[in-house]
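Architecture at a glance
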Amino acid sequence: MARGEPGEGLGGEDRWKKFDSARLDELRAEGESRTAFLLRFLLAHPDIHTTIVGTLNPAHLQENIAMARKGPLPADVYAEAKRRLDAIGEKPAE
């Protein structure tokens, strides 16, 4: 997630352009951050068995724990996110 969202973490805006292009904000649950959405996206991927998430910010750590406990994205949301990413030429691994 490349050091977090611009303004929230240290990530650069260029790294989040694909998120914008795929209109993934439309798929986020109410109150869910972009970073939380991506963590849940990774947890939903059937071939990912381990994620390595790091942060120096205690509030981000608490959010990451809460999202991991919430679990993966629902199957329909995950499928739609994959479809949208594929449509912009960013095809996540099958």
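Residues numbered from 1 in each chain as written. Predicted model: local features only at pLDDT ≥ 70, side-chain atom pairs only at ≥ 80, totals over all residues. Heavy atoms only, no water.

**Examining the packing of helix 2 (residues 34-44) against helix 3 (residues 58-70)**
Contact geometry of helix 2 with helix 3 gives a least axis separation of 9 Å together with a crossing angle of 40°. Judged on the interaxial angle alone, helix 3 and helix 2 are oblique. As helix 2 runs across helix 3, the sense of the crossing is right-handed. Along its contact with helix 2, which presents A36, L39, R40 and L43, the element helix 3 presents E63, N64, M67, A68 and K70. (Axes fitted to C-alpha atoms, helices over the stretch in contact; angles between N-to-C directions. Helix = DSSP H or I, 4+ residues; strand = E, 2+ residues; numbered from the N terminus. Parallel < 35°, antiparallel > 145°, perpendicular 65-115°, else oblique. Left-handed = near helix turned anticlockwise from the far one by under 90°. Contact = heavy atoms within 4.5 Å.)

**Observations concerning the side chain of N64**
Note that N64 resides in helix 3. The residues contacting N64, other than those within four sequence positions of it, are L39, V53 and T55.

**Quick notes on the pattern of salt bridges**
Taken as a whole and judged by the stated rule, the model has nine salt bridges. A salt bridge links E26 to R23; its shortest N-O distance comes to 3.3 Å. Residue E26 is classed as exposed on the basis of its relative accessible area, which comes to 53%. A residue is classified by how much of its surface remains accessible, and R23, at 41% relative accessible area, is partly exposed. For the salt bridge of E26 with R84, the shortest nitrogen-to-oxygen distance reads 2.8 Å. Here R84 lies in helix 4 (residues 75-87) and E26 lies in the loop between helix 1 (17-21) and helix 2, a separation of 58 residues in the sequence. The exposure class of R84 is buried, given its relative accessible area of 10%. What you see here is one network of salt bridges that share partners, running through R23, E26, E80, R83 and R84. (Salt bridge = Lys/Arg side-chain N within 4 Å of Asp/Glu carboxyl O. Buried < 20%, exposed > 50% of the residue type's maximum accessible area, 1.4 Å probe, protein only.)

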